[in-house]
Amino acid sequence: MSATAFLNPAKPAVTVTRVVTESVPASITLTMSEKEAQALLMSLAPLDGQGYAPAHLYIARAVLSQTNVPPATMRIAEAHLLRALVADPGSVDANEMLGHIYIRLGLWESAKKHLLDIVSTRSEASLPLAFVLKAQGDEQEARRWAERAAKHFAGKVAESGAD
């Protein structure tokens, strides 16, 4: 599967309804073919060069949003996320997605590293971190992170007023 496989080839055109630059009004509409959109995206986020970090994140998100993503395709998303981290080493989104990729691939130590990098900023990461630690056989740490996740999510439920 190619890096552009997440784009729907059945759609004849992509419409961008808001393009903002200094010289173009925000209300302009640009229509391009699917092939042109793929070429533009790949030029913004090439796998053989640094590119634009948000474009790498966009591609990884699109790839990972598919169902039944095969390992080879996850590796494409991984490559884009690693490029994004070169540009922004503290990217919470890139680290979180890498953590989830590594969980799906069973690469526990790599998943743990990326989740630990973000758990202080994104408390939701404590739940997958607990899963990783359990998979590694560290029951005590897994329980500690699971309890932290339960506390975090209970607080979110209380804030929302939901049952």
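All of these numbers come straight from a predicted model, not from anything done at the bench.

Here we look at the overall build of the protein
Right, on to step 1. Helices and strands together make up the secondary structure of the protein, namely seven helices and two strands.
Right, on to step 2. Helices and strands in the protein line up, N terminus first, as β-β-α-α-α-α-α-α-α.
Right, on to step 3. Residue burial in the protein is summarised as follows: out of 163 residues, 34% are buried.
Right, on to step 4. Entry remark: accessible area of the protein is about 9,700 Å², with carbon and sulfur atoms responsible for 57%.

Examining helix α6 (residues 126-135)
Right, on to step 1. When we look at burial in α6, the residues that qualify are Ser126, Pro128, Leu129, Ala130, Val132 and Leu133.
Right, on to step 2. Of the residues trailing α6, glycine 137 is marked for its positive phi of about 90°.

Thoughts on the environment of glutamate 141
Right, on to step 1. In this structure, glutamate 141 sits in helix α7 (residues 139-160).
Right, on to step 2. Residue glutamate 141 is classed as partly exposed on the basis of its relative accessible area of 26%.
Right, on to step 3. Taking the C-alpha atoms as reference points, glutamate 141 and leucine 129, separated by twelve residues in sequence, lie 9.3 Å from one another.
Right, on to step 4. Within polar-contact distance, the side chain of glutamate 141 engages the side chain of arginine 144 at 2.9 Å.

Things to note about the environment of leucine 116
Right, on to step 1. Note on placement: leucine 116 falls in helix α5 (residues 108-118).
Right, on to step 2. Put simply, leucine 116 and glycine 99 are 17 residues apart on the chain and 9.1 Å apart in space, counted from C-alpha to C-alpha.

About the cut-offs
Residues numbered from 1 in each chain as written. Predicted model: local features only at pLDDT ≥ 70, side-chain atom pairs only at ≥ 80, totals over all residues. Heavy atoms only, no water. Helix = DSSP H or I, 4+ residues; strand = E, 2+ residues; numbered from the N terminus. Buried < 20%, exposed > 50% of the residue type's maximum accessible area, 1.4 Å probe, protein only. Areas by Shrake-Rupley, 256 points an atom, 1.4 Å probe, with all protein chains shown as cover. Polar contact = N/O pair within 3.5 Å; in protein donor to acceptor, adjacent residues only side chain to side chain.

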